[in-house]
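Descriptive analysis of the structure
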Amino acid sequence: MQLNKKHTVRDIIVVGFAMFAMFFGAGNVIFPPYLGVEAGPDWLKGFSAYFIADIGLAMFAVFALLRAGSSEAVTARLGKIPAAVLMSALILCIGPMVAIPRTAATTFEMAIVPNIGGVSSVVFSILFFALILFLCIRQSAVVDIVGAVLTPLLLAGLAVIIVKGIAAPLGEISLTPNADNVVLGGIKAGYQTMDALAALPFGIIILRSAASKGYTSSVRKFKLVSGSAVLAGVLLLGVYMGLCYLGATVSAQYGLEIGRAELVMAIVEALMGKVGMVIFGVVVGLACVTTAIGLTSSAAAYFTELCRDKIPYKAFVIVICVFSAVASNLGLDRIVAIAAPVLDIVYPPALVVIFISLVMPKVSDYVSRGAALGAVGASVLCAFKVPAMERLPLYDMGLYWILPAVIFGFLAFGLAAIVRPEKKTNAEATV
């Protein structure tokens, strides 16, 4: 299949738009404005820290899987079984266990309830996931549907709100920040979005979409995905910065006691009244739908591959949609409570293998496993609230696991240096 320059540019735009929409979930609508309220006059400084810790890590992960060749290749250095366990835990937690059900719940609470009264949450969840099922059932069309159709609508709605807020600010930016350390607050908020984890499952459908469009060689695939990632990053930069600025313009009116969702809805209503609430409802709905599509499709694709196609992709899509519809109405808080500690445990080792895959791809697998083990151990101890963990460097930013990962990585490096190559090869082959 011959791909000319015009064709490539079009594909970069479609895939880039799709990546933007997948990363831009409803949760990402509410974080930047609250950060603007926290930072006040230092909103740009706080936003920069947030962007680096959020989308910076996500783009880091995208380029890591691009260099490794696939999401599975990123985690494969841990060994076959640990890699499968890690990826399965990640996809379950950020997919049907939490994020996918939450897309329906968020759409209902922030888009339907304020604008349409008397709608049953049960009926809505059935309709919502029927739509997701319809849009995901054809795996090859997922990226094109999101990138070519839904994202332009999402961007248009966001542009209307942000441009109105810039043209007619709601107030003066406060003279002093409402938070003590805006940079630390930005880093913590960006890190805790865990968007870097979403890059691994999203990478599954992005790379498959690239292959289906004829980008089979590593050079062409790199050009498409890297160009798309840069475009998505630029779009996210513009949207997040605009939303953060809107929060800064009301930093003198609101304190940190206001809820994040409440803040966003108050800003939109003050800017545009009832019309603005309708537009915001559309934005939230589109953000949730695009994220749900990306997560559902990538989760179904991963488990289909894990089962070696013994269970078809469509069957997994149906199961995920049905489970998510039920979870969005029954016991979602309990599911989140169970899944959150699991995410806290698996996030650090995932970041370790992402970092190694991109920066040190030729390092021994012993080092990857040692560093991941150190990160997991630190995460487990922190989950059990062991007091000594609070003394570790970067604990306040949630990066307490870095030092244990480095120490165990160096110990594993020393072990790899004294193990005979033949023995190392056998050990890696049996894991």
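We now turn to the structure provided with this report. Here the structure is a predicted model, which means the values were calculated and not measured.

What counts, and at which threshold
Residues numbered from 1 in each chain as written. Predicted model: local features only at pLDDT ≥ 70, side-chain atom pairs only at ≥ 80, totals over all residues. Heavy atoms only, no water. Helix = DSSP H or I, 4+ residues; strand = E, 2+ residues; numbered from the N terminus. Rg over C-alpha atoms; globule rule 2.2 N^0.38 Å. Buried < 20%, exposed > 50% of the residue type's maximum accessible area, 1.4 Å probe, protein only. Contact = heavy atoms within 4.5 Å. Areas by Shrake-Rupley, 256 points an atom, 1.4 Å probe, with all protein chains shown as cover. Lys, Arg positive; Asp, Glu negative; His and termini not counted. Charge placed at Lys NZ, Arg CZ, Asp CG, Glu CD. Core = buried A, V, L, I, M, F, W, Y, C linked by side-chain atoms within 4.5 Å. Phe/Tyr/Trp six-rings, centres within 6.5 Å; stacked < 30°, edge-to-face > 60°. Polar contact = N/O pair within 3.5 Å; in protein donor to acceptor, adjacent residues only side chain to side chain.

It is worth spelling out the overall build of the protein at this point. The helix and strand inventory of the protein stands at 17 helices and zero strands. A compact globule built from 431 residues would reach a C-alpha radius of gyration of about 22 Å, and the protein, at 22 Å, matches this within 12%. Relative to its full complement of 431 residues, the protein shows a buried share of 54%. A separation of at least 24 residues holds for 84% of the contacts in the protein among residues at least 6 apart in sequence. By element, 68% of the accessible surface of the protein is carried by carbon and sulfur atoms, the whole surface being about 19100 Å². Of note, the protein has its 29 positive side-chain charges centred 13 Å away from the centre of its 22 negative side-chain charges.

Before going further, it helps to examine unusual backbone geometry. Residue K385 is not a glycine yet carries a positive backbone phi of 55°. One non-glycine residue, L394, adopts positive backbone phi at about 65°. Looking at the secondary structure, you find L394 in the loop between α15 (365-383) and α16 (402-418).

Attention now moves to the nonpolar core. The biggest cluster of nonpolar side chains holds 141 residues, and the ones touching the most others in it are F20, F23, F24 and W401. The biggest single contributor to this core is helix α12 (residues 260-306), with 22 residues. Here F24 is in contact with V29, L154, L158, L236, V239, Y240, L243, A287 and T291, once residues within four sequence places are set aside.

Time to look at the environment of V146. Mapped onto the fold, V146 is located in helix α8 (residues 142-167). Since its relative accessible area comes to 0%, V146 is described here as buried. Here the alpha-carbon distance between V146 and V14, two residues 132 residues apart in the chain, equals 8.2 Å. Setting aside residues up to four positions removed in sequence, V146 forms contacts with A18, A21, T151, T290 and I293.

It is worth spelling out the packing of aromatic side chains at this point. The geometry of an aromatic ring pair is captured by the separation of the ring centres together with the interplanar angle, meaning the angle of the planes. Enumeration according to the criterion identifies 14 aromatic pairs in this entry. Plain terms: the ring middles of F108 and F124 are 5.7 Å apart, the flat faces sit at 40° to each other, and that makes the pair tilted. Of this pair, F108 sits in helix α6 (residues 99-112) while F124 sits in helix α7 (residues 121-136), placing them 16 residues apart in sequence. Side by side, F108 and F124 carry an identical accessibility label, which is buried.

Before going further, it helps to spend a moment on the environment of R369. Relative to the assigned elements, R369 resides in helix α15. Separated by 291 residues in sequence, R369 and L78 have C-alpha atoms that sit 5.3 Å apart. Separated by 3.1 Å, the side chain of R369 and the backbone oxygen of R77 make a polar contact.

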